Amino acid sequence: MSNQQLKFLLRRYLQGKATPAESAQVEAWYASFEETPLSENDKTRLKDEIISSVLQEINPPARLRKLYWYAAASLLILLGASLSFFMTQKKVLPAIAAQMVSTPTGSRKTIRLPDGTVVQMNAGTSLVIPGDFGEKDRSVSLSGEAFFTVAADAAHPFIIHAGNIETTVLGTSFNIRSWPEEDTWAIGVSTGKVKVANEVNRRVMAECLTANKSLTHHRRSGISDITDIDTGLAGAWRNNIFHFNNNSMAEIGQELERQYNMPVVVRGVGKDRGHYNIHFSREPLAKVLKVLAGLTGITYTIKSDKVIIQVP
């Protein structure tokens, strides 16, 4: 999980806006943090720095700042107490602890879950696997982008929680793109079929989304639409192809930053307005920017420590 994603999730957690899936990611991060080989003083100092950084972004009114600080401290105490309980009960309840698998920016990872499901994770992605995975169902929480090839098991549905969206399958292959900082969420089905629902209001968004179909959901407006996609475009990133479906230039810049591990700053009044439907091969960054400029009309500057994109 990138620092940007972590701050986003902690900010929502502190403000009481986190979904169950996002809460699970925060708690899994905290558990992994406690396992680091640091002294208690160093851990306390790092936690304080994290809280201070998040509170600066929230920027509550002065009269409420102390209240937010106490709430943040209470959060860490609560998480710590929960972790201590899990650890003391480890011999009795060994399956409670969740596992979080992350890929840093600039890299990808393929993992196999206990049921045989294969998950190909894009750069900057994190996946939380509950300790009771496979007992009643096969439930995971995703932040980022991943392609799932789900092992068939009619008795145990496979459920992916991504933001407010819940995707349920029995056995199929599909791609989910769900970055916390982006407005657009998308799922593209390669084989089989899936059911997609909103976790908050339980509204079914697609009862049966089939192969070569894509569902795009816009978080701010709540509008969803289903379109046809070319064979192979679902999870095209696995074959080193960038595929953007109704994404803004700001979102494209975030994707380039994740893929090339280089800060990308997008400027201009149109950075969030225009939405692009384009795909092209993953090449060295300079060549990709040249192609992107030709397709969209942007200008760009490559510096030693960052890339600046100017949107007209």
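Residues numbered from 1 in each chain as written. Predicted model: local features only at pLDDT ≥ 70, side-chain atom pairs only at ≥ 80, totals over all residues. Heavy atoms only, no water.

Draft legend 1. The nonpolar core, seen in detail. The biggest cluster of nonpolar side chains holds 29 residues, and the ones touching the most others in it are Leu127, Val140, Phe148, Phe158, Phe174 and Ile187. Element by element, the count of residues in this core is highest for strand β5 (residues 138-149), at 4 residues. Aside from chain neighbours lying at most four places away, what touches Leu127 is Gln99, Met100, Val101, Ile111, Val119, Met121, Val140, Ser141, Leu142 and Phe148. In this structure, Phe244, Leu256, Phe280 and Ile298 belong to the second largest nonpolar core, which totals 21 residues. (Core = buried A, V, L, I, M, F, W, Y, C linked by side-chain atoms within 4.5 Å. Buried < 20%, exposed > 50% of the residue type's maximum accessible area, 1.4 Å probe, protein only. Helix = DSSP H or I, 4+ residues; strand = E, 2+ residues; numbered from the N terminus. Contact = heavy atoms within 4.5 Å.)

Draft legend 2. Up close: the sheet that holds strand β15 (residues 264-267). Pairing in this open sheet of 3 strands is mixed, and the strands run β15-β18-β17 from one edge to the other. The two strands at the open ends of the sheet, each matched to only one other strand, are β15 and β17 (299-302). On average, adjacent strands in this sheet sit at an angle of 15 degrees to one another, irrespective of strand direction. Relative to strand β18 (residues 307-310), β17 runs antiparallel, the two being bridged by 4 bridges. Bridge pairing in β18 places Ile302 opposite Val307. Its contacts with the sheet put helix α6 (residues 285-296) on β17 and β18, and the angle it makes with β17 is roughly 165 degrees. (Pairing = 2+ DSSP bridges. Axes fitted to C-alpha atoms, helices over the stretch in contact; angles between N-to-C directions.)

Draft legend 3. Main features of the environment of Gly134. Within the secondary structure, Gly134 sits in the loop between β4 (126-129) and β5. Judged by relative accessible area, which is 29%, Gly134 ranks as partly exposed. Separated by 24 residues in sequence, Gly134 and Phe158 have C-alpha atoms that sit 8.7 Å apart.

Draft legend 4. The confidence of the model for the chain, seen in detail. Per-residue confidence for the chain gives a mean pLDDT of 79, with 69% of residues at or over 70. Here residues 60-70 is a poorly scored stretch, pLDDT under 50, and it has 10 contacts once near neighbours within four places are set aside; other chains count. Contacts for the low-pLDDT stretch residues 73-95, under 50 throughout, to residues beyond four places or in other chains number 18 contacts. (pLDDT = per-residue confidence, 0-100.)

Draft legend 5. Quick look at the packing of aromatic side chains. Here the structure, examined in full by the defined rule, presents 7 aromatic pairs. Note on Phe242 and Phe244: the rings are 6.0 Å apart at their centroids and 10 degrees apart in plane angle, and the pair reads as stacked. For the residue pair Phe242 and Phe244, the accessibility class agrees, reading buried in each case. Centre to centre, the rings of Phe242 and Tyr260 are 6.3 Å apart; their planes meet at 40 degrees, and the pair counts as tilted. With a gap of 18 residues between them, Phe242 in strand β14 (residues 241-247) and Tyr260 in helix α5 (residues 249-260) connect regions that are remote in the sequence. (Phe/Tyr/Trp six-rings, centres within 6.5 Å; stacked < 30°, edge-to-face > 60°.)

Draft legend 6. Representation of the pattern of salt bridges. Applying the stated criterion to the full structure yields 10 salt bridges. Two residues, Glu182 and Arg177, come together in a salt bridge whose shortest N-O distance is 3.5 Å. Note on Glu182: relative accessible area 2%, which makes it buried. The partner of Glu255 in a salt bridge is Arg177, with the nearest N and O atoms 3.3 Å apart. Of this pair, Glu255 sits in helix α5 while Arg177 sits in strand β8 (residues 173-178), and the two are 78 residues apart along the sequence. With respect to burial, Glu255 and Arg177 carry one shared label: buried. Three or more residues joined by partner-sharing salt bridges are found here, namely Glu145, Arg177, Glu181, Glu182, Glu255 and Arg258. (Salt bridge = Lys/Arg side-chain N within 4 Å of Asp/Glu carboxyl O.)

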